[in-house]
Amino acid sequence: ALNPDMVGWMRIEDTKINYPVMQTPDNPDYYLHTDFYGNYTIHGCLYAEEDCDINLPSDNITIYGHHMGDGSMFAGLMKYKNKSYWEDHRYIVFDTLTEHHTYEIFAVLTTTASKGKGFTYHQFINAKNQQEFDEFVRDCQQLSLYDTGIVPSYGNKLITLSTCEYSQQNGRLVVVAVCID
C-alpha cells in the first residue's frame, strides 16, 4: 500500500539481500538511485527489467541491484563466485504480491554490459520456442564460473540477478536460477 511499484520481495540466506523488488515499466531505471519512498539514494532499490511480467510470469525475470561497498543491495551475490558458497546457499526466495517462489541457482557468470559486447542476458524475457530457451540455458552454463549440474527444461521459469562486477570494464556478475516451487 505504501508504494504501488513494489512487485515482490527477495531474500537470500546469509546475505543482506532481504529487500522489496520494484518495477516501473514506463520509467525503466527509476529505482537505480531512488529508494522505496521516492527519495534519492546511491543504493537505489532492487528492480525488475521493465518488459518482464512478474505475475504471468515471463520465462525469465531480470532483476538489477547495486553492488554496494557496505555489503548491501546485491553485493552479497559476489559470494557466489565460489562454488563452495553456492553448495551451501543454492536458493533464492522471490515472493510476488500473490505467490511464493523458491529458485535454485544453476549458473553464475561474469560478462560486460558494454554496448555490442558481452552476453545480453537481460534481453531474454520470453522464449519464442524450446530452441531459444535451450540456447539461453546453454549459454548461461557455458559462461558459468562452475558446473552446478542443474539443467532447466523448457517451460521452467527463470530469474536472473544482475549487479556490477569489477574484474573488467563495465563488468556484471550474473546469477541465474530456475524456479523449483
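Participant: Mind showing me how you'd approach a negative patch on the surface here?
Facilitator: On the surface, a cluster of negative charge is made up of E13, D14, E87 and D88. Looking at where E13 falls in the secondary structure, it is placed in the loop between β1 (6-11) and β2 (18-22). Classification of E13 as exposed rests on a relative accessible area of 58%.

Participant: Just to check I follow, could you spell out the side chain of H101 for this structure?
Facilitator: Secondary-structure assignment places H101 in strand β6 (residues 100-112). H101 sits in the buried class, given a relative accessible area of 16%. One polar contact links H101 to E99, side chain to side chain, over a distance of 2.7 Å. Of note is the side chain of H101, whose polar atom sits 3.0 Å from the backbone oxygen of D181.

Participant: Is there a simple way to think about the side chain of T41 in this case?
Facilitator: The topology assignment puts T41 in the loop between β2 and β3 (46-48). What makes T41 buried here is its relative accessible area of 17%. Not counting the four nearest positions on each side in its chain, T41 is found in contact with L32, H33, T34 and D35.

Participant: Quick question: what am I supposed to make of the sheet that holds β6 here?
Facilitator: Within a beta sheet, neighbouring strands are joined by backbone hydrogen bonds and run either parallel or antiparallel to one another. Reading around the circumference, β1-β2-β3-β4-β7-β8-β6-β5 is the order of the 8 strands in this closed barrel, with mixed pairing throughout. Strand-to-strand twist across the sheet, computed as the mean angle between neighbouring axes with direction ignored, equals 30°. Both β1 and strand β5 (residues 91-96) contribute to a ladder of 4 bridges, which runs antiparallel. Note on β5: the bridge partner recorded for G8 is T96. The strands that helix α2 (residues 130-143) touches are β4 (60-64), β6, β7 (158-164) and β8 (171-179); relative to β6, the one it contacts most, it runs at about 60°.

Participant: What is the right way to look at the packing of aromatic side chains in this model?
Facilitator: What describes a pair of aromatic rings is the distance from one ring centre to the other and the angle between the planes of the rings. For the structure shown, the criterion picks out 10 aromatic pairs. A centroid spacing of 6.1 Å and a plane angle of 50° characterise the contact between W86 and Y146, whose relative ring orientation is tilted. Residue W86 is located in helix α1 (residues 83-88), and its partner Y146 is located in the loop between α2 and β7; the two are separated by 60 residues in the primary sequence. Given the relative accessible area of 2%, W86 is considered buried. Members of the aromatic cluster, joined through ring pairs, are F119, Y121, F124, F133, F136 and Y154.

Participant: Please clarify how the pairing of β5 should be interpreted in this entry.
Facilitator: The two faces of a sheet get side chains in turn, since along a regular strand they alternate between them. Here β5 lies mainly inside the structure; 5 of its 6 residues are buried. Judged from the 5 bridges that link them, β5 and β6 form a sheet pairing that is antiparallel. The residue bridging F94 from the neighbouring strand is H101, located in β6. Adjacent in sequence and paired antiparallel, β5 and β6 are bridged by 3 residues.

Participant: Even after reading the chapter, I still don't get the nonpolar core, so can you show me in this structure?
Facilitator: Generally speaking, a soluble globular protein has its nonpolar side chains buried in company with each other. Judged by nonpolar contacts, the single largest core of 49 residues is most densely connected at M10, I63, Y80 and L161. By residue number, the principal contributor to this core is β8, which donates 7 residues. With residues up to four places along the chain from it excluded, the contact list for Y80 reads I12, Y85, W86, H89, Y91, I105, V108, Y146 and V175. Core analysis: the next-biggest nonpolar cluster, separate from the first, contains 7 residues, M6, Y31, Y47 and Y64 among them.

Reading guide: rules and limits
- Residues numbered from 1 in each chain as written.
- Predicted model: local features only at pLDDT ≥ 70, side-chain atom pairs only at ≥ 80, totals over all residues.
- Heavy atoms only, no water.
- Patch = residues over 30% accessible without salt bridge, like charges linked within 9 Å, V, L, I, M, F, W, Y side chains within 5 Å.
- Areas by Shrake-Rupley, 256 points an atom, 1.4 Å probe, with all protein chains shown as cover.
- Salt bridge = Lys/Arg side-chain N within 4 Å of Asp/Glu carboxyl O.
- Lys, Arg positive; Asp, Glu negative; His and termini not counted.
- Charge placed at Lys NZ, Arg CZ, Asp CG, Glu CD.
- Helix = DSSP H or I, 4+ residues; strand = E, 2+ residues; numbered from the N terminus.
- Buried < 20%, exposed > 50% of the residue type's maximum accessible area, 1.4 Å probe, protein only.
- Polar contact = N/O pair within 3.5 Å; in protein donor to acceptor, adjacent residues only side chain to side chain.
- Contact = heavy atoms within 4.5 Å.
- Pairing = 2+ DSSP bridges.
- Axes fitted to C-alpha atoms, helices over the stretch in contact; angles between N-to-C directions.
- Phe/Tyr/Trp six-rings, centres within 6.5 Å; stacked < 30°, edge-to-face > 60°.
- Core = buried A, V, L, I, M, F, W, Y, C linked by side-chain atoms within 4.5 Å.

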